[in-house]
Each structure stands twice: as C-alpha cells, then as structure tokens.
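Here is how the chains run, residue by residue.
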Amino acid sequence: MPSPSGSPPGAPRHFTGRRTLLLAAGAAGLGAPALLAQTPPRVVVVGGGFAGATCARDLAAAGLAVTLVEPRAEYVACPFSNAVIAGLRQMEQQRFSYAALEANGLRRIAQPATGLEDGRVLLADGTTLPYDRLVLAPGIELRFDAITGYDAAAAGRMPHAWQAGPQTLLLRQQLEAMPDGGVVAIAAPANPFRCPPGPYERASLIAHYLKTHKPRSKLLILDAKDSFSKQRLFEAAWQALYPGLIEWVSLSFGGNVTEVDAAEGVLVTEFGRHRADVANVIPPQRAGAIARVAGVTDASGWCPVDPVTFESRLRPGVHVVGDAAIGGAMPKSAFTANAQARACAAAVVALLAGETPRPPKLINTCYSLLAPDYGISIAGVYSPRNGLLAEVEGAGGISPADAPPEIRAAEAAHAEGWFRVITQAVFG
Amino acid sequence: MLRTLLSVPKTARRGEIIQIRAMIAHPMETGHRMGPNGVEIPRKIINRLVCTYAGEEVFAADLHPAISANPFITFHTVAVESGILSFAWTEDDGAVHLAQAEIVVE
C-alpha cells in the first residue's frame, strides 16, 4: 500500500511547480530565502543495474534531485553473457559506463550503501544521504549457505557466472582449458531465481561450443526442478542441434545438488555423485545484501512490494525494483527490471507530488539464444491483481514449436536488437 | 516397473545413525481431477512404503492423495549389521514395486 509517510509533511503538492518558482525567483534577482530553501525532493537510488539505472534516469528526467549509489565504475550486463562464456561474444560488449548518466545530471556516489537509518542511507565511509524516497535495486546475492561446500572460495573453482564479470570469464577459460571428451556439469537452482531460462540458454551455447571445438564432450544439467521455462522448445532444439550431447537430470530423477567438493570437481545429489571437468554451480539466490540490512526482505529472502508503486510492504518510503522484488508472475529479467523501474519512477514522482499513482501494465520478454542463429522467446503482460503482479490472460506468447530456421534466425536477431536498444536506453 | 531411486550408505560403523532416501516416479493421481474429456481421472497413488533391513521391518509409511507426485521419503535408522535394505511401494491396484540396496557394517 502506498504510504504517505515518505512525503515530508507540508511539502508542496507539485515539486515541478516549485522548481519553476525557484527559477522565477532567481530571474527576478530576489534573495527570497524561503523559496531558495525549498529544493526538489531528494530520491536516492541504490544499485546501478538495469533496474536502478533506469529508475534513476527517469527520476532525474522528471526534475528530482537523484543520487545513484553504485560503487562499481562500470556495469557488466548479464543478458548475452552466456554468449561470452561460449566464446561467441567479447566481454567488452557487456560493459557499460555510467558516464552518460552522470552527464545527464545524475550524481553518482561510488561507494556501497551499508544501511538505513531514519530516512538516511548510510554509506561505507560513514557519511549519510538523506532522502524523501528511496529506491533499492540491489539485484541478487548468491546464497553461499545453501549447498554444502559451495562458498565464495568454491566459486573460484566451480564458477557460478550468475553475476557477469570475472566469473563469466573464469567459466569461459575453464571450458577452453578442458580436454575434448570432458564432462561439463551445470547445477540449476529451484525457483525463484534470476533469469529463469538462463541455465538452459547457457547449456545450449556451451553445447554449441563443445560441438564445434570438443565434440566428444558431454554436458550434464543437474536440476533442482522438474520443469523449466520454455522447456519444450529447449528440449526440441537440443535434439535437433546437439543430439546426445546434453543430458538433463530433473529433481525427480535425482538432479538436486546438495553438496559439492570443489577441489575434486564432484557434485553430490540426493541420489548420487557426479564428477565434472568443468562445474558451473548456480546456487539459490536472495535479494542483494542491502535489502536485508534495510529490513525489506521477508522469510523468502526476497522483497514483498506493492505492485502499483513498488513500495516495500515492510518499510514505508522505500521502494524495491528488479530482481530483488517479489514480482508475482513476472520473471526476474533485465526486461522486467527496466519495466518495473519505469513504473516505480512514475509512481515515486506521483507520490512526491501528492498524486495517486496509476496501476501499471508491464511487459516482459525473455529471449534465449540456443545457437548463434537460433533464438526463441517468451513474452507476457502483467498488471496488479490481488496485491501481486499477475499475468494478463491471452496477452503473452511463446515462440512456435515447429518454426522454420528463418524464424529462429529472426528471433536471434531480435534478441540482439533488444539488447542494443535496452542498453542504449539505460546507459547510453 | 516404475523408476525408483535409493540413497543408502555403502558402508557404516555398527551403531551409526544412517540417513536413507527413497523416491519413486509416480503421478500420485488423486482421483479429484478431470481429464480433458470431462471425465474424472480415477485415483491411483502409491499408498504404502515399507522398508526392511536384514529381514526386519525398520520403516513403514502410509501415503495419501495430498502427497505430490514422485514421493520422496527420507528417514534414519541404525546400522546394526551388514545386509540388504529392501523397499516395497504398494499401489492402489495392489501392484508392488521393489528396490534394494546393500550395506556393509563394520
């Protein structure tokens, strides 16, 4: 529920109006201290990924005083990073700087947020940032307590590569170093997690690499689920493109990885042990650490939000967008993050002006690349229903099961196009 | 024959508490669902699992329609002697599905 407590009492209804007044006062050359003291409402955005950067950009465009808290000098995008792992793309194509955002009048604080206190964000250096409304877009934190033996050190041997960056390159290097005839294992987590089709896109593109460079190798997917996103399309494509190369072991076939021995390259499931030459362990996840510190996560580890405003159900005045938020039926994707961030920014602008935010209609599309010229997609439209984001019946769609190669090639090109457009819109 | 999965330690010390896992691939049809033709799908579940260890029953469970597909059961027992652990899942129609694993107790 949108809470009014984020708006300071007595704040004027229209902050854009105040801005005009300020300019008018300046033009008249009057000192008018009462007017000058009134600055635009302050919004702090924590996290500069697809959600945070989008939201900060929209809020700044609406005339608010926006501060983006993001310690990293550049953002490394996850979408298409599976193509980097498979050697089809360069890491440089995944890197985006904050220079354009900063040039657009956004102030970026290059340090981590460490906590919240009485309407202020605490920063690592001990200083604080006051806000009228706060947007948290912390993304995910990998749960290094979920699989016995899989901690941050183990990730140095069995990369997760689920946050793009050095881990992406580590997995790529391990694949390159693996001899022909080796076994690659991917451990996929139970729902919910970032990028539901991601493990299967990754399996497809690694299979493409193996088929091209190391054709005697095998790929094993050990899954904590019995079904996954776009499953029929993936399985049909694996049959057609990589016959006999990929083996998917579902939960009820004993696929749930409960323990790893990173030094030995062993993955232990409820019913067996598997040795892998390259092991990609994608552990369960939860909202980024600052969400927990800020008290906006529930027992699931994710953040319950109002589906209209994205304001936290647990802490008024704090909004959560992107992967960290419980999006109801919306999957955790960059497309979703961007759509939610835009809706959240509009809601924050409305709330600060004393207006009632309008319920959004949100769109998500997840593209998956199964080979360089083979793409599939699933799309959905979502709107608030019974306090959650629910899918609008009959509005979405999925790639057809029996499409000719031209359609798959066209979808692969659409995926590239989408990535170009969204990264340009958010970081360009 | 339905697919079954067992996890029994290959070896254990005498007196050690060991964890046993058993799963069977089964739809656990409740009898409350309609098929695409509007006709009720008859109930067919695994209604009982019995485990014997060296001939003695050490674990048994009655299963009911609310239990989801592919029932996965974990329990503990004490390693008393080397021998066979036998598992028997009984279906509504009386069919029995068997699986077994050997343990060496030192």
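Residues numbered from 1 in each chain as written. Chains lettered and ligands numbered in written order. Predicted model: local features only at pLDDT ≥ 70, side-chain atom pairs only at ≥ 80, totals over all residues.

Some words on the overall build of chain B
Consideration 1: When helices and strands are counted, chain B shows zero helices and eight strands.
Consideration 2: Counted from the first residue to the last, chain B has its helices and strands arranged as β-β-β-β-β-β-β-β.
Consideration 3: By principal-axis analysis of the C-alpha atoms, chain B measures approximately 60 × 20 × 20 Å.
Consideration 4: Within chain B, buried positions represent 16% of all 106 residues.
Consideration 5: Taking all contacts inside chain B whose residues are at least 6 apart in sequence as the whole, residues at least 24 apart take part in 58%. (Helix = DSSP H or I, 4+ residues; strand = E, 2+ residues; numbered from the N terminus. Buried ≥ 20, exposed ≤ 12 C-beta atoms within 10 Å, placed from the backbone. Contact = placed C-beta atoms within 7 Å.)

Section: helix α10 (residues 334-352) of chain A
All names here are of chain A.
Consideration 1: An ideal rise of 1.5 Å per residue puts 27 Å on 19 residues; α10 measures up with 26 Å between its terminal C-alpha atoms.
Consideration 2: Most of α10 is tucked away: 16 of the 19 residues are buried.
Consideration 3: Positive backbone phi, approximately 75 degrees, marks G354, located one or two places after α10. (Expected span 1.5 Å × (residues − 1).)

Observations concerning the pairing of strand β21 (residues 374-385) of chain A
Residues and elements named next belong to chain A.
Consideration 1: Where strand β20 (residues 362-371) meets β21, nine bridges bridge the pair, whose relative direction is antiparallel. Each residue of the ladder has a partner; that of Y367, found in β21, is S377.
Consideration 2: As consecutive antiparallel partners, β20 and β21 are separated by two residues.
Consideration 3: Linking β21 back to strand β22 (residues 388-391) in an antiparallel pair, the connection comprises two residues, with N386 at a positive phi of about 50 degrees. (Pairing = 2+ DSSP bridges.)

A short note on the interface of chain B and chain A
Consideration 1: Counting residues at the interface gives six residues for chain B, matched by four residues for chain A.
Consideration 2: Residue assignment for the side of chain B that touches chain A shows that the elements contributing at least two residues are β1 (4-7) and β3 (17-24) of chain B.

Details of helix α8 (residues 231-241) of chain A
Residues and elements named next belong to chain A.
Consideration 1: Those residues of α8 that fall on the buried side of the exposure criterion are L233, F234, A237 and W238. The buried residues of α8 all sit within an arc of 135 degrees when viewed along its axis, so they share a single face. Structural note: α8 exposes R232 and Q239 on the side pointing more than 90 degrees away from its buried face.
Consideration 2: The secondary structure elements touched by the buried residues of α8 are α7 (198-213), β13 (246-249), β20 and β21. (Arc of directions from axis to C-beta.)

Side note on unusual backbone geometry
For residues that are not glycine, phi is negative in most cases, and the peptide bond is trans in most cases.
Consideration 1: In this structure, the amide linkage connecting N191 of chain A to the following residue, P192 of chain A, adopts the cis form with an omega of -5 degrees.
Consideration 2: Looking at the element boundaries, P192 of chain A is found in the loop between β11 (183-188) and α7.
Consideration 3: Positive phi, normally seen in glycine, also occurs at D118 of chain A, with a value near 45 degrees.
Consideration 4: If you trace the backbone, D118 of chain A turns up in the loop between β6 (113-117) and β7 (120-123).
Consideration 5: Look at D118 of chain A and you get exposed, because 6 C-beta atoms sit within 10 Å.
Consideration 6: A positive phi angle is found at N70 of chain B, which is not glycine, with a value near 55 degrees.
Consideration 7: Here N70 of chain B is to be found in the loop between β5 (56-62) and β6 (72-78).

A few points about the confidence of the model for chain B
Consideration 1: Per-chain confidence: chain B averages 95 in pLDDT, with 100% of residues scoring 70 or above.
Consideration 2: Here the predicted complex scores 0.88 on pTM and 0.79 on ipTM. (pLDDT = per-residue confidence, 0-100.)

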